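Residue-level structural notes
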Amino acid sequence: MSKDAVNSVQAEMPRVSRLVQNQNDERFINHDYRESPPREVMLWLRRRTRILWSYSMVEKCLPILSWLPRYQYSYTMYDLIAGVTVALTAIPQSIAYGILSNLGPEYGLYSNILGCLAYAVFGSVKDVTIAPTSLTAIMVQNVVKELEYGTALLTFLAAVVTISFGALNLGVLVRFISIPVVMGFTSAACLTIGSAQIRSLLGIKTQGKRSDFVTSWTNVFTHLDEVRMADCILGSCSIIVLCSLRLTKDLGEGRWRTFFKYLGLLRNALILVVGAALAYFLTTDMNSPMFNLTGHVPAGLPAFQVPPVSYTNENGTMYSFVDMIGVMRTSIITIPLVTTLEIVSVGKAFSKGKIIDATQEMIALGVSNLLVSFCSPLPVAGSFTRSALNNSSGVRTTMSCAVTAVMLILSLALLTNAIYYIPKTTLASVVISAMLFMVDYEEIGNIWRTKKLDLIPFLATTLACLFYELDYGILVGIGINCCLLLYLMSTPGLSGEEIQLVGLRILLVKIDQSLAFSSAECLRDWIMKRIGQRDDIDLVVIDGHNVHFADTTVAKNFVNIEEDLRTQHIQLLLWRFQSNVALTLLRMRKELFIPMLRADLQLQDAVARWKHLHPLPSDSIN
């Protein structure tokens with residue numbers, strides 16, 4: 001390069017407005033290519049510390065401080081009606097899920113009471129109701145078989161993990177669970193939960209070693225001789241009635257519509273009342289009742305105790321803390337993920353367009369399970385069914401959760417004798433009928449129509465959950481999704497166009513996404529392959545308009561691309577790169593990349609200016 005050309009380059013370097021798209025970036029104007037120094041990080045940490053200890057943060061973490069001072073008398077009736085209505089559905093479902101988890105029926109009620117009380121204080125969505133769900137019951141049932149009440153430690157650890165995620169603002173983790181994975185998990189959970197209830201529906205007393213999909217059906221087919229006709233008839237009729245009431249809840253007009261609506265909402269409670277009444281009047285010999293009954297439920301409030309860090313079960317097997325962790329395995333992580341996903345999804349469903357604070361919901365859920373762990377091993381989550389009931393009842397604040405808790409306490413004090421007579425087949429019918437409508441069949445069809453590639457994580461999650469374990473199944477789905485994401489990141493969309501401008505034969509390379517370490521070699525190999533197919537290219541122009549991120553590996557590969565092209569007497573021009581990407585390149589090798597970067601609006605202007613500053617050998621001869 002001639003002396004005049006060198007002087008031109010030096011004169012051009014301060015004119016940063018043509019080097020990057022972000023023309024007003026002060027770092028370029030001041031020739032400061034460094035990343036943020038530690039001093040700025042410390043200032044950020046100090047600001048965050050002041051915010052964390054402010055009253056506004058306390059008010060955010062305790063939403064009751066926001067709505068309670070503004071609570072209006074007119075809200076009282078709405079919250080009372082909503083709380084009582086939810087309680088009438090919560091009583092049978094909590095009992096059913098307590099039995100489903102291999103615990104006693106009372107533990108479902110204990111978990112519901114503490115969960116509702118905690119959410120009334122910490123919850124930020126008025127419609128959400130915290131309670132045991134079919135998913136939480138099915139996810140702990142295998143742990144309960146070994147640790148029994150010691151499973152309270154699992155609930156405690158899951159609560160700590162959830163609160164930690166919320167405190168660290170890690171609600172973003174939920175984004176890694178895609179809709180196909182959620183649908184696969186939900187579908188498999190419904191099949192597993194429904195299959196586990198077939199035994200009770202048929203009146204079979206023998207319980208399998210596990211409650212997974214395969215073991216449940218194996219247990220049914222190997223004990224068909226224990227089937228009780230009375231339980232079969234009552235259970236089948238209960239499912240038919242429950243499904244009919246659900247499907248007819250929108251029938252009629254005016255008062256009839258209101259009648260069918262509330263009849264549908266209270267269908268679980270009605271079925272249990274009818275079932276318990278039939279069992280009471282048809283049972284003449286308590287040693288040989290007509291149906292398999294729920295049995296004794298301890299009256300009164302639960303005893304509070306610290307979750308055990310070591311445990312000896314009824315078989316005399318002793319478990320140390322390490323042994324208990326070995327039994328729980330991945331459940332310590334998957335339960336927080338699944339329950340967080342449930343509560344955020346339920347909150348979004350009833351938020352009516354309002355933004356849901358996922359972090360606060362994680363904290364509310366974590367605190368709820370923390371309190372639950374001191375009286376029950378069964379964790380809680382956001383219940384879609386009861387939240388829908390809460391919403392339709394006109395709820396105004398989370399005070400309705402406190403009303404529900406009071407109603408559940410009264411049921412433990414006054415209704416334990418009635419609970420004794422509830423047939424297990426009726427409880428099984430409540431769970432099975434709920435599972436029939438829990439699967440979103442339309443969404444599965446959308447996966448097929450929209451993107452068939454999503455069937456891979458959907459089917460993988462479903463099969464892994466069905467034939468292995470639910471908590472591992474969702475991890476399989478997340479893993480496959482992450483692999484697909486890495487593959488897409490590693491294979492950016494590249495297109496090349498050969499054009500001629502200002503006397504130069506140019507290969508224009510366009511990139512449709514940001515670059516990361518996994519895609520760096522892909523770009524380099526693609527360019528060199530295209531160059532190898534032609535022998536008349538003077539200049540390679542890489543259009544970085546869509547590149548918003550680049551790392552060290554990418555910057556190093558740009559250096560290698562320049563060196564590879566130079567050996568073939570081809571020049572490199574970087575056009576329309578964002579300032580943050582350009583800064584990454586400049587920190588790698590400033591003297592190499594400053595002459596390469598151009599951001600003129602028109603490619604012709606960028607190439608013409610670059611050619612003026614970089615005369616080719618043929619230009620020098622001329």
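Bear in mind the structure is a predicted one, so any value in this text is a computation, not a measurement.

**Some words on the nonpolar core**
In terms of nonpolar packing, the biggest core is built from 90 residues, with Y119, F185, I193 and M328 touching the most fellow members. Once residues within four sequence positions are removed from consideration, I193 is found in contact with L100, S134, L135, I138, V431 and M435.

**Focus: the packing of aromatic side chains**
Going through the model one piece at a time under the given rule, you end up with 14 aromatic pairs. Geometrically, the ring pair formed by F259 and F260 is edge-to-face, given 5.5 Å between the ring centres and 70° between the ring planes. For F259, a relative accessible area of 44% puts it in the partly exposed group. Through a chain of ring-to-ring contacts, the aromatic side chains of Y280, F281, Y420 and Y421 assemble into a single cluster. Lying across the ring of W448, K452 places its NZ or CZ 4.6 Å from the centre. Over the face of the ring belonging to W575 we find R576, whose NZ or CZ atom lies 4.4 Å from the ring centre.

**Focus: the environment of P302**
With respect to the helices, strands and loops of the structure, P302 is situated in the loop between helix 14 (267-282) and strand 2 (311-312). For P302, a relative accessible area of 11% gives the class buried. As a C-alpha pair, P302 and C375 span 73 residues in sequence and 6.0 Å in three-dimensional space. Setting aside residues no more than four positions away along its own chain, P302 makes contact with Y110 and C375.

**Concerning the packing of helix 6 (residues 75-100) against helix 14**
Closest axis-to-axis distance for the helix 6/helix 14 pair is 8 Å, and the angle between their directions is 60°. The angle between helix 6 and helix 14 falls in the class oblique. Helix-helix and strand crossings are classified by hand; for helix 6 and helix 14 the assignment is left-handed. Residue-level inspection shows L88, T89, P92 and Q93 of helix 6 in contact with helix 14, the latter providing N268, A269 and L272. Looking at side-chain class alone, the contact of helix 6 with helix 14 contains four nonpolar, three polar and no charged residues.

**Focus on unusual backbone geometry**
Even without glycine at this site, N102 takes up a positive phi of about 75°. Under the relative-accessibility criterion, N102 is labelled partly exposed at 23%. Of note in the backbone geometry, R576 takes a positive phi value of approximately 65° without being a glycine. Secondary-structure assignment places R576 in the loop between strand 8 (571-575) and helix 27 (579-588).

What counts as what
- Per chain, residues are indexed from 1 in the order of the written sequence.
- Local features in this predicted model are restricted to residues whose pLDDT is 70 or higher, and side-chain atom pairs enter the listing and the counts only when it is 80 or higher, whereas totals over whole chains, interfaces and linings include all residues.
- Note that water and hydrogens are dropped before the side-chain values are worked out from all heavy atoms of the structure.
- Nonpolar cores were defined as sets of buried Ala, Val, Leu, Ile, Met, Phe, Trp, Tyr and Cys residues, with membership established by side-chain atoms within 4.5 Å.
- Partly exposed residues are those whose accessible area sits between 20% and 50% of the maximum for their type, while under 20% is buried and over 50% is exposed, using a 1.4 Å probe and protein chains only.
- Residue contacts are defined here by distance: any two heavy atoms, one from each residue, within 4.5 Å place the two residues in contact.
- In this analysis, rings of Phe, Tyr and Trp, with Trp reduced to its six-membered ring, are considered paired at centre separations within 6.5 Å, and the interplanar angle assigns stacked below 30 degrees, edge-to-face beyond 60, and tilted for intermediate values.
- Counting as a charge over the ring demands two things of the Lys NZ or Arg CZ atom: a distance within 6 Å of the ring centre and an angle within 35 degrees of the ring normal.
- The way it works is that DSSP assigns letters per residue, a run of H or I at least four long becomes a helix, a run of E at least two long becomes a strand, and they are numbered from the N terminus.
- Axes here refer to lines fitted to C-alpha atoms; in helices the fit is confined to the stretch in contact. Angles between the N-to-C directions go from 0 to 180 degrees.
- Any angle between 65 and 115 degrees counts as roughly perpendicular, while under 35 counts as roughly parallel, over 145 as roughly antiparallel, and the rest as oblique.
- Two helices cross in a left-handed way if the nearer one is turned anticlockwise from the farther one by less than a right angle. They cross in a right-handed way if the turn is clockwise.
- In this classification, Asp, Glu, Lys and Arg are treated as charged, Ala, Val, Leu, Ile, Met, Phe, Trp, Tyr, Cys and Pro as nonpolar, and every other residue, Gly included, as polar.

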